[in-house]
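Each chain is listed here by its residues.
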Amino acid sequence: MSPRVIRIDPDHPDDALLQAAADVLRQGGLVAFPTETVYGLGAHALDPEAVERIYEAKGRPPTNPIIVHVASIAQARQVAAEWSETAQALAERFWPGPLTLVVPKRAEVPDRVTAGLDTVGLRMPDHPVALRLIELAGVPVAAPSANRYTAVSPTDAAHVIDGLGGAVDIIVDAGPTSVGIESTVLSLTGEEPRILRPGMVGAADLAELLGDVGHRGDLSEGSEVHAEAGPASSPGLAPKHYAPRAEVILYDRPGEPGITDHIANPASGWIALHPPEFDHAGPVEVLGDQPTDYARGLYAALHRLDAAGVETVLIEQPPPQERWRAIRDRLQRAATG
Ligand code: TXA
Ligand code: MG
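As a starting point, this report considers the structure included with it.

Scoring rules and cut-offs
Residues numbered from 1 in each chain as written. Chains lettered and ligands numbered in written order. Predicted model: local features only at pLDDT ≥ 70, side-chain atom pairs only at ≥ 80, totals over all residues. Heavy atoms only, no water. Axes fitted to C-alpha atoms, helices over the stretch in contact; angles between N-to-C directions. Helix = DSSP H or I, 4+ residues; strand = E, 2+ residues; numbered from the N terminus. Parallel < 35°, antiparallel > 145°, perpendicular 65-115°, else oblique. Left-handed = near helix turned anticlockwise from the far one by under 90°. Contact = heavy atoms within 4.5 Å. Nonpolar A, V, L, I, M, F, W, Y, C, P; charged D, E, K, R; others polar. Pairing = 2+ DSSP bridges. Salt bridge = Lys/Arg side-chain N within 4 Å of Asp/Glu carboxyl O. Buried < 20%, exposed > 50% of the residue type's maximum accessible area, 1.4 Å probe, protein only.

1. Looking at the packing of helix α1 (residues 15-26) against helix α6 (residues 128-137)
Here's step 1: The N-to-C vectors of α1 and α6 enclose an angle of 60°; their axes lie 8 Å apart at closest approach. When the axis of α1 is compared with that of α6, the two are oblique. Crossing geometry of α1 relative to α6 is assigned as right-handed. Of the residues in α6, those in contact with Asp15, Leu18, Gln19, Ala21, Ala22, Leu25 and Arg26 of α1 are Val129, Arg132, Leu133, Leu136 and Ala137.
Here's step 2: Class assignment for the residues of the contact of α1 with α6 results in eight nonpolar, one polar and three charged.

2. Here's the deal with the sheet that holds strand β3 (residues 40-44)
Here's step 1: Read from one edge of the open sheet, eleven strands run β1-β8-β2-β3-β7-β4-β6-β5-β9-β10-β11, paired in mixed fashion. The open sheet has two edge strands with one neighbour each: β1 (4-7) and β11 (214-215).
Here's step 2: Of the pairings in the sheet, the one linking strand β2 (residues 31-33) to β3 comprises three bridges and is antiparallel in character. For Phe33, the partnering residue across the bridge sits in β3 and is Gly40.
Here's step 3: Helix-sheet contacts for helix α7 (residues 157-164) involve β1, β2, β3 and β8 (170-173), and the interaxial angle to β8 is about 160°.

3. Notes on the pattern of salt bridges
Here's step 1: Inspection of the entire model under this criterion finds 13 salt bridges.
Here's step 2: Between Arg53 and Asp169 there is a salt bridge, and its shortest N-O distance comes to 3.1 Å. Taken as a pair, Arg53 in helix α2 (residues 48-58) and Asp169 in the loop between α7 and β8 lie far apart in primary sequence, 116 residues in all.
Here's step 3: Residue class for Arg53 comes out partly exposed when judged on its relative accessible area of 30%.
Here's step 4: When the shortest N-O distance is used, the salt bridge between Arg325 and Glu322 registers 3.3 Å.
Here's step 5: Taken together, the shared-partner salt bridges in this structure form one network comprising Glu182, Asp329, Arg330 and Arg333.

Remember, this is a structural readout, not a statement about activity or role.
So, in structure tokens, the structure goes:
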């Protein structure tokens, strides 16, 4: 069965249209919706059977906890068992926005959401449609990215239809997302705040409030602690993640040995920082040399190259600088597919 698609103007979300999606959420159905990062696959976060459907639709391992989306700080406090001054300060500074805060959970949050952990990841998305949908539903909304497990996250409703199709009751289409890669996940439950998943809110941004913040599970740092990780040590960070169908090869310089052989191969696609100097037989995606533009375009480029049927995707690695950390992390994972 094909899902019902509701088109919403992100600048003027139409309540009458969104109400239908909100009702489906309240009644335990699945609604894919846009956030500023990627499209989410939403379900009523306090309804274990609804949440179960997310795992089924995604083919996601049950050890992988799901982020709960809220429309306000007040709603986050109703889900959290403890809300520290640090959590409050971070939420005031970065919400709505691409930062997920992991805090102790209340008993009402089903184990199915948190994969048995006593913590919950909370986030208030910076997207008028997401916020209005959550408000109209009147419940917190559990939502992982709306893709099959390990596939590339969707940044457009068409990606959701291609990847999940009939497994979703309603898809809310408000056009492409603006940030383009998933939120930063910050744990506030240990002795020190720690970044579990890098995102476009970086350690430098968090330093304003937190001072130095450490990272965990960042493959671009050479750590593989999460390869076998269970829920206790932040899952969802398995190395194979965000991978397209094609094989991904990362390279550092356009003229690099082994890479030039692909230039004449029409089954080799490319993701580059700058327009290439030579004609390439296969499709080339140029994402630019600014992290925000690059992040916005990355997943759509991977989806297009997959749709073009290329066998290999060659990706020029951005420089090993802090501002590229989240993007380099996603590229490493795509290449581990
Ligand atoms: O931008 C995003 O975060 C998107 C949009 C839809 O909001 N969502 C998303 O969800 O990327 P998902 O399920 O694909 O990734 C959730 C990440 C995983 O790395 C998971 O391990 C982590 O958040 N996470 C969620 N709850 C957690 C918890 N209680 N403790 C530790 N990590 C948690
Ligand atoms: Mg995901």
